[in-house]
Amino acid sequence: MRVEVNWNGNIQFEAKGGSGHSIIMDAAPEVGGQDTGPRPMELVLSAVGGCTGIDIVLTLKKMRVDFETFSMEINGERANDYPKRFTKVHIHYKLTGENIPEDKVRRAVDLTRDKYCSASNSLNADITTSFEINGIQYE
């Protein structure tokens, strides 16, 4: 896998992956950026969301579990000292639909967290998860 990152001036960068898709990254104005794109650390959490989300969808489809909506809230805590890496990441999954079995969702969440998600497992952080089905919370 290869990504090319080019400086666009000021402190804006454009990353382009082998897939041909690009992402603009920038910093906040208070540190000299122009706020033209997400911050790199936001993209780290976004990558975790995309990776684990794909795992959840594919796993639930294999289990023949249908759902209407699926979203995630991902919160990361960072160290106070440089390099200010993520020390804790919590992923909360939200699903809606009829007849969604809690045990199958739990299994899908466990599999992505413990085995399949390359992005989250690449972090040196404590990863925790929770989920809800139709507004009912599960730990």
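Above: the structure in question.
**Student:** Help me out: how do you make sense of the packing of aromatic side chains in this one?
**Tutor:** Where two aromatic rings form a pair, the distance of their centres and the angle of their planes describe that pair. For the structure shown, the criterion picks out 3 aromatic pairs. Measuring from ring centre to ring centre gives 5.0 Å for Phe131 and Tyr138, while their planes differ by 20 degrees; the resulting arrangement is stacked. Judged by relative accessible area, Phe131 falls into the buried class, the value being 2%. The structure contains a cluster of three or more aromatic residues connected by ring pairs, namely Phe67, Phe70 and Tyr93. Stacked on the ring of Phe86, the Lys or Arg Arg78 has its end atom at 5.9 Å from the ring centre.

**Student:** Help me understand the sheet that holds strand β4 (residues 69-78), please; the structure alone is not making it clear to me.
**Tutor:** Neighbouring strands of a sheet are bound in pairs by backbone hydrogen bonds; such pairs are parallel or else antiparallel. Strand order in the open sheet formed by 4 strands is β4-β5-β6-β7, and the pairing between neighbours is mixed. In this open sheet, the two edge strands, each paired with only one partner strand, are β4 and β7 (136-138). If you compare each strand with its neighbour and ignore which way they point, the axes differ by 20 degrees on average. Here helix α1 (residues 40-62) sits on the sheet in contact with β4 and β5 (86-96), set at roughly 145 degrees to β4.

**Student:** Just to check I follow, could you spell out the nonpolar core for this structure?
**Tutor:** Buried together is how nonpolar side chains tend to be arranged in soluble globular proteins. One finds Leu60, Val89 and Val105 to be the most contacted residues of the largest nonpolar core, which totals 18 residues. The dominant element in this core, judged by the number of residues it contributes, is β5, at 5 residues. Residue contacts for Val89: discarding those within four places in its chain leaves Leu45, Ile74, Asn75, Gly76, Leu123, Ala125, Asp126, Ile127 and Thr128.

**Student:** What is the right way to look at the pairing of strand β6 (residues 126-133) in this model?
**Tutor:** In summary, the side chains of a regular strand alternate between the two faces of the sheet. Counting buried residues along β6, 6 of its 8 residues qualify, which places the element largely inside the surrounding structure. The pairing of β5 with β6 spans 8 bridges and is classified as parallel. Counted as the bridge partner of Lys94 is Glu132 from β6. Where β6 and β7 come together, 3 bridges link them in antiparallel fashion. Across the sheet, Glu132 pairs through a bridge with Gln137, a residue of β7. In textbook terms, the turn of a hairpin is the stretch between consecutive antiparallel strands, and for β6 and β7 this stretch comprises 2 residues, one of which, Asn134, has a positive phi near 50 degrees.

**Student:** Whenever I open this one, the environment of Gln12 confuses me. Can you help?
**Tutor:** Position of Gln12 relative to the elements: it lies in the loop between β1 (3-7) and β2 (13-17). Exposure remark for Gln12: the relative accessible area of 16% places this residue in the buried category. Excluding anything up to four places from it in sequence, Gln12 contacts Asn6, Trp7, Ile24, Met25, Asp26 and Thr36. Separated by 2.6 Å, the side chains of Gln12 and Thr36 make a polar contact.

**Student:** Just to check I follow, could you spell out the sheet that holds strand β3 (residues 22-25) for this structure?
**Tutor:** On the basis of which strands lie adjacent, the open sheet formed by 3 strands has the order β1-β2-β3 and antiparallel pairing. For this open sheet the edge positions go to β1 and β3, each flanked by a neighbour on one side alone. Each neighbouring strand pair of the sheet contributes to a mean axis angle of 20 degrees, computed without reference to strand direction.

**Student:** Could you clarify how one ought to interpret the pattern of salt bridges in this entry?
**Tutor:** Any two side chains of opposite charge can pair, so long as their charged atoms come close to each other. Per the counting criterion, the structure on display carries 6 salt bridges. For Arg2, the salt bridge is made with Glu4, and the minimal N-O distance between the two is 3.9 Å. In this structure Arg2 comes out as exposed when scored by relative accessible area, which is 59%. Via salt bridges that share partners, Asp110, Arg113 and Asp114 belong to a single interconnected network.

Basis of the calculations
Residues numbered from 1 in each chain as written. Predicted model: local features only at pLDDT ≥ 70, side-chain atom pairs only at ≥ 80, totals over all residues. Heavy atoms only, no water. Phe/Tyr/Trp six-rings, centres within 6.5 Å; stacked < 30°, edge-to-face > 60°. Buried < 20%, exposed > 50% of the residue type's maximum accessible area, 1.4 Å probe, protein only. Lys NZ or Arg CZ within 6 Å of the ring centre and 35° of its normal. Pairing = 2+ DSSP bridges. Helix = DSSP H or I, 4+ residues; strand = E, 2+ residues; numbered from the N terminus. Axes fitted to C-alpha atoms, helices over the stretch in contact; angles between N-to-C directions. Contact = heavy atoms within 4.5 Å. Core = buried A, V, L, I, M, F, W, Y, C linked by side-chain atoms within 4.5 Å. Polar contact = N/O pair within 3.5 Å; in protein donor to acceptor, adjacent residues only side chain to side chain. Salt bridge = Lys/Arg side-chain N within 4 Å of Asp/Glu carboxyl O.

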